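# Breakdown of the fold
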Amino acid sequence: MNKLTDVGIRAVLAKPRNGRVELPDGAVPGLTLRIGKTRGATWSLMIRVFGEGGITDRGHGLMGPKRRLTLGSYPQVSLHAARAKANAYIDQARRGESPVEALERVATGRLTVEGLAEKFLTDYVHLKQLRAAARYEMAIRAHIIGGIGRVVADMLTRDQVRSLMKEVMVQVPSTREGKTRRRGGIEAARSVVAVLRKMINWGIRERLLKRADNPVSGMEDNLPKKRKKERVLSLDEAQVVWHAAGTLGYPFGPLYRLILLTGCRPGEWARCRQSYIDLKQSLLVIPAQAYKSDHVHVVPLVPVAVQILEHTLANYAGRQGDFVFSGTDGLAPVSGWSKGHSRMMQAVTAVSGERGLVPWTPHDLRRTVATRIAEQLGVGGEQLIKRVLGHADGSVTAIYNRYGYVKEMREVLERWAEDLIGAEFDAASLWRESDAYVIVEPTEAA
């Protein structure tokens, strides 16, 4: 079989024809130029996909039935371009991937970034029950869909991703009524890049996309380097925070105090359920599905923490839901940390009498607890600090060592509580001070 040439094709096209003429190409098996009686010429490719014919008794894949692909019209699709397309589809079919199905999927409606995002949320984020589902959905709905939602996912370019990233980096006021929080910024851009990169990788892995490259890969390198937070409160500052928390009221008063007494993350106490608390054993037990490192985290509760929780559960336990700290009768965890922390900083100023204090965040209290415990333990105490903070340890020793160090954790936390509150602090004084953050009716307050 002779190879087709442009000269030969033009010669056939110039002659009158009584019917359709097919010119097979000797260079690529299955590639044919089909020339109609009155219309132009069209490239056609016959292929068989490996594995579509089933599997032999020995486990070998069989070639499937012949299927025809149309590659475009001549001369719009040149001889050279037709051969290149045909070879690419033949290689794909030999790998067991059907180019026919891929083309049919594109022809019936190209998958946009918005379409991919909805599939990603439904079939990955929510199906896998990711704890970060809210962060994924926020990045997708607030930024990704609004910025590049209409772009065909297979056609998304690196420049489009870069433009989206620059747009998200600019902080703008929220458009939601009643909200003063600003949207966007460097951390929001960092989150959008991470979510978009994972979403594209998932689409490629699930064969929803034809592309093999991810235009988001390495894009986070163009963002400013993430600053390591190092704010640690001194013992005096921590004591001021403890006393200031006693003036805040439920829920943030006890929340700040429990963070100081346990070193837990603010979100862990904010999402704490009544079922996590064992007052008889003086333990907070956070299940693996609710913990950041996907393992059960056991936190010893010092006597002061137990009494704070007893007081909170006796007076504020939700009746409709299980959350300990809630503004919806236990149905949902407490929110409004920004306003709560603003009140805390005002209370700190009132207690200390000082203005212009170095800013700190609720998470800095956790870092403060870890630092003060490290000062107690000295060199060699890193393992116990990890246990207190609940950091995951994937070493072989950690896998085989199931001892929880609860006794040792309790001892160091009790020593820290004594430093924080004072040795003379007893239950009676706790309740007098705790009354400061109990919400009471105006008539009783008077």
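A brief look at the structure comes next.

## With respect to the overall build of the protein chain
Counting its secondary structure elements, the protein chain contains 18 helices and 11 strands. Sorting the 446 residues of the protein chain into buried and exposed places 40% on the buried side. Put simply, of all contacts in the protein chain between residues at least 6 apart along the chain, 60% involve residues at least 24 apart. Entry remark: accessible area of the protein chain is about 25400 Å², with carbon and sulfur atoms responsible for 51%.

## Comments concerning helix α6 (residues 158–169)
Here α6 spans 17 Å end to end across 12 residues, near enough to the 16 Å set by a 1.5 Å rise per residue. Within α6 the residues assigned to the buried category are V161, L164, M165 and V168. Angular distribution of buried residues about the axis of α6 spans 100°; they occupy a single face of the element. Within α6, the exposed residues directed more than 90 degrees away from the buried face are D159, K166 and E167. Buried residues along α6 sit in contact with α5 (133–148) and α7 (186–205).

## What about the side chain of T32?
Structurally, the position occupied by T32 is in strand β2 (residues 31–35). Those residues within four positions of T32 in sequence are excluded, and the remaining contacts are E22, L23, P24, T42, W43 and S44.

## Things to note about the packing of α6 against α7
At a minimum axis distance of 7 Å, the contact between α6 and α7 shows a crossing angle of 150°. Here α6 is positioned roughly antiparallel relative to α7, judged by the angle of their axes. Taken as a pair, α6 and α7 cross one another with a handedness that is right-handed. For the pair α6 and α7, contact is made by V161, L164, M165, V168 and M169 and by I186, A188, A189, V192, V193 and L196, respectively.

## Some thoughts on the pairing of β2
Summarising burial for β2: 5 of the 5 residues are buried, a large majority. Burial along β2 is two-sided: L31, L33 and I35 and T32 and R34, pointing in opposite directions, are all buried. Counting the residues in the hairpin turn of strand β1 (residues 21–24) and β2 gives 6 residues, including G30, whose phi is positive at 90°. In this structure, β2 lies alongside strand β3 (residues 41–47), joined through 5 bridges in antiparallel fashion. Counted as the bridge partner of L31 is L45 from β3.

## Comments concerning the sheet that holds strand β10 (residues 283–286)
With antiparallel pairing, 3 strands are arranged side by side in an open sheet as β9-β10-β11. Bordering the open sheet on either side are β9 (277–278) and β11 (297–300), each of which pairs with just one other strand. Of the strand pairs in this sheet, β9 and β10 are connected by 2 bridges, and their pairing is antiparallel. Bridge pairing in β10 places I277 opposite L284. The strands touched by helix α16 (residues 406–421) are β10 and β11; relative to β11, the strand with the most contacts, the crossing angle is about 45°.

## As for the sheet that holds β1
Strand-to-strand pairing in sheets goes through backbone hydrogen bonds, with the strands running parallel or antiparallel. Spatially, β1-β2-β3-β6 is the arrangement adopted by the 4 strands of the open sheet, whose pairing is antiparallel. What marks the edges here is a single partner per strand, and that holds for β1 and β6 (67–74). Across the sheet, the mean angle from the axis of one strand to that of its neighbour is 25°, orientation sign disregarded. Along the sheet face, helix α1 (residues 6–14) touches β1, β2, β3 and β6 and points at about 85° away from the line of β6. Its contacts with the sheet put helix α2 (residues 79–94) on β2, β3 and β6, and the angle it makes with β3 is roughly 20°.

So, how was this worked out
Residues numbered from 1 in each chain as written. Predicted model: local features only at pLDDT ≥ 70, side-chain atom pairs only at ≥ 80, totals over all residues. Heavy atoms only, no water. Helix = DSSP H or I, 4+ residues; strand = E, 2+ residues; numbered from the N terminus. Buried < 20%, exposed > 50% of the residue type's maximum accessible area, 1.4 Å probe, protein only. Contact = heavy atoms within 4.5 Å. Areas by Shrake-Rupley, 256 points an atom, 1.4 Å probe, with all protein chains shown as cover. Expected span 1.5 Å × (residues − 1). Arc of directions from axis to C-beta. Axes fitted to C-alpha atoms, helices over the stretch in contact; angles between N-to-C directions. Parallel < 35°, antiparallel > 145°, perpendicular 65-115°, else oblique. Left-handed = near helix turned anticlockwise from the far one by under 90°. Pairing = 2+ DSSP bridges.

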